[in-house]
Amino acid sequence: MTQNKGKALIIGAGIAGLSSAYYLLQQGWSVEILEQNDLSNNCSYGNAGMIVPSHFTPLAAPGVVAQGIRWMFDSKSPFYVKPSLSTDLFSWGIKFLKHSNQKHVDRSASAIRDLNLASSLLYNEIAAKDEFNFELNQNGILMLYKTEKVREEETELAHKAVSLGLSVDILDQKGIQELEPNIRMDVIGGINYKCDGHMNPMKLMKQMISYLKNNGVVFYTHHKVTGIETSESTIKAVIANDKKFTADCFVMTGGSFLPELAQKAGIKIQLMPGKGYSFMHTPENPVNTMNHAALLLEARVAVTPMNGQIRFGGTMELASHHDKINMKRVEGIVRSIPQYLPDFQMHYKKESEIWFGYRPCAPDGLPYLGQSSQLKNLIIAGGGGMMGLSLGPIFGKTVSELANSQKPTVEIKIFNPERFS
Ligand SMILES: Cc1cc2nc3c(=O)[nH]c(=O)nc-3n(C[C@H](O)[C@H](O)[C@H](O)COP(=O)(O)OP(=O)(O)OC[C@H]3O[C@@H](n4cnc5c(N)ncnc54)[C@H](O)[C@@H]3O)c2cc1C
């Protein structure tokens with residue numbers, strides 16, 4: 001660690017906030033974090049733990065809207081937009097439609113790939129430290145399919161991935177089965193994105209918090225930011241629990257709550273919470289282990305080996321924040337699993353076994369990462385959407401580079417946080 005650069009105040013203790021603290025600390029900043037809850041849960045804990053350079057296609061892409069509309073009429077489907085008169089949802093939806101085209105996908109693909117690849121390497125560096133052991137396994141992710149239609153789509157995408165320099169194998173059923181000898185794979189084939197990996201996000205978050213605390217980062221939990229004082233294009237103070245917090249540099253994360261936070265600083269950011277569910281499963285037969293993380297493509301279900309168990313996750317409900325668990329959608333996940341993995345005969349899940357989180361989804365599917373042009377001591381890191389965990393370390397490294405007025409390692413112009421302001 002280098003000498004003190006000044007004080008950085010971070011809002012939000014998700015992976016974006018913790019990673020920012022980690023890299024700012026390395027650069028010699030003293031760091032404080034304001035978190036509205038405790039340090040036991042947010043979207044960064046119960047997710048599928050996948051590191052995904054394979055996800056170079058933004059959520060806003062051709063075909064997504066038509067598929068989404070078909071799914072909206074099925075209560076167990078993996079995607080749902082709650083019809084609402086909310087102007088936020090309307091405005092988000094218009095922008096989403098505008099960006100759901102091939103030109104946007106082509107313009108964004110290499111930028112998203114570079115961000116994810118850089119982040120994946122940083123995860124290797126973090127995992128090499130003695131203080132960390134979060135089951136990082138960079139052995140690829142299997143995209144599994146059961147239908148010819150998805151095989152065709154995925155093969156085309158795999159060729160695109162190869163043209164982007166990603167390491168990919170296109171496999172038939174036998175090839176997939178050889179990679180997973182301990183469970184039956186009822187699929188017609190799959191793509192192994194060897195550039196991807198997985199981890200245990202709960203362990204990562206806990207170990208990161210311990211590391212930061214042991215190295216002097218101060219956490220203020222149950223401190224919800226309720227106001228931000230600005231003058232002369234600068235943040236003067238952030239208000240939480242009726243106290244004023246000052247700093248030389250402010251970092252705003254906040255996950256799916258980023259729009260409310262940004263608004264307090266006079267900045268417009270568009271995000272919708274994309275609610276998803278996950279649960280843990282212990283295979284009845286301990287012989288049925290899995291080596292790789294996988295996506296069951298038609299069902300849109302994520303499967304990740306974690307701590308001797310398997311985590312299953314899925315669904316994307318775009319609606320305002322609400323804590324109700326929709327058990328119909330959970331049932332949709334549960335029912336689809338044995339169709340691909342017949343050794344995992346699932347039991348009915350109780351509501352208490354279900355975790356949910358809100359993916360912070362921007363309407364163009366791109367993160368918000370960069371220095372504010374309206375407030376010169378503010379850096380914004382959010383909107384990671386379906387890949388926010390994967391992007392954590394590169395968010396943090398970029399934040400620290402911007403705080404030190406250095407050129408970011410990865411090109412971030414396209415992720416301008418004020419692009420919809
Ligand atoms: C089912 C599911 C599976 C997923 N799987 C993956 C995956 O495999 N790989 C991947 O890369 N991503 C995955 N994701 C997405 C990923 O989990 C998120 O993108 C990521 O965790 C977002 O991190 P964050 O730090 O931006 O937000 P969060 O983790 O939500 O943290 C934001 C924090 O800010 C705090 N905050 C908000 N407002 C205030 C305020 N006013 N004052 C103080 N604190 C505030 C919140 O309390 C919260 O703790 C998945 C998500 C879901 C739901």
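Quick notes on the rules
- Residues numbered from 1 in each chain as written.
- Predicted model: local features only at pLDDT ≥ 70, side-chain atom pairs only at ≥ 80, totals over all residues.
- Heavy atoms only, no water.
- Helix = DSSP H or I, 4+ residues; strand = E, 2+ residues; numbered from the N terminus.
- Rg over C-alpha atoms; globule rule 2.2 N^0.38 Å.
- Contact = heavy atoms within 4.5 Å.
- Areas by Shrake-Rupley, 256 points an atom, 1.4 Å probe, with all protein chains shown as cover.
- 1 Å grid on protein atoms, 1.4 Å probe; cavity = no way out; pocket = protein on both sides within 12 Å on 5 of 7 lines; lining within 4 Å.
- Points joined across faces, edges and corners; volume = space filled by probe spheres on them.
- Nonpolar A, V, L, I, M, F, W, Y, C, P; charged D, E, K, R; others polar.
- Domains from an automatic or database assignment.
- Near = heavy atom within 4 Å.
- Polar contact = N/O pair within 3.5 Å; in protein donor to acceptor, adjacent residues only side chain to side chain.
- Axes fitted to C-alpha atoms, helices over the stretch in contact; angles between N-to-C directions.
- Left-handed = near helix turned anticlockwise from the far one by under 90°.

1. Some remarks on the overall build of the chain
Then step 1. Counting its regular elements, the chain contains ten helices and 20 strands.
Then step 2. Computed over the C-alpha atoms, the radius of gyration of the chain is 21 Å, within 12% of the 22 Å expected from 2.2 N^0.38 for a compact globule of 421 residues.
Then step 3. The principal-axis extents of the C-alpha atoms in the chain amount to approximately 60 × 50 × 45 Å.
Then step 4. For the chain, restricting intrachain contacts to residue pairs at least 6 apart in sequence, the fraction spanning at least 24 positions comes to 77%.
Then step 5. When the accessible surface of the chain is split by element, carbon and sulfur atoms take 52% of a total near 17700 Å².

2. Some thoughts on the layout of surface pockets
Once rolled over the atoms, a probe with the size of a water molecule shows which space is left empty.
Then step 1. Its boundaries defined by the atoms lining it, the second largest pocket holds a volume of some 460 Å³.
Then step 2. What lines the second largest pocket is a set of 22 residues, among which Asp88, Pro259, Glu260, Leu271 and Met272 lie closest to the centre.
Then step 3. For the lining of the second largest pocket, the secondary-structure elements that each account for two or more residues are α3 (87-99), α8 (258-264) and β14 (272-281).
Then step 4. For the lining of the second largest pocket, the element with the most residues is α3, which contributes five residues.
Then step 5. Here the residues of the lining of the second largest pocket are counted per class, giving nine nonpolar, nine polar and four charged.
Then step 6. When residues are assigned to domains, the lining of the second largest pocket turns out to be shared by domain 1 (6-44 + 203-269 + 364-415) and domain 2 (50-97 + 136-198 + 272-361), each giving three or more.

3. A short note on the site of the ligand
Then step 1. Glu35, Ser44, Met50, Gly385 and Ser390 are the nearest of the 36 residues found near the ligand.
Then step 2. Within the contact set of the ligand, an oxygen atom lies 2.5 Å away from a side-chain nitrogen or oxygen of Ser44.
Then step 3. A distance of 3.2 Å is found between an oxygen atom of the ligand and a side-chain nitrogen or oxygen belonging to Asn47.
Then step 4. Of all elements in the fold, only α1 (15-26), β14 and β18 (355-361) reach the threshold of two or more residues within the shell around the ligand.
Then step 5. Examining the composition of the shell around the ligand, we find that four residues originate from one element, β18, more than from any other.

4. Some remarks on the packing of α1 against helix α7 (residues 201-214)
Two quantities define a packed helix pair, namely the angle between the axes and the distance from one axis to the other.
Then step 1. Running from N to C, α1 and α7 point in directions that differ by 35°, and their axes come no closer than 10 Å. Where α1 crosses over α7, the two elements pack in a sense that is left-handed. Across from Ile15, Leu18, Ala21, Tyr22 and Leu25 in α1, the residues of α7 making contact are Leu204, Met205, Met208, Ile209, Tyr211 and Leu212.
Then step 2. Tallied by class, residues from the contact of α1 with α7 come to eleven nonpolar, no polar and no charged.

All we've got here are geometric facts, nothing functional implied.
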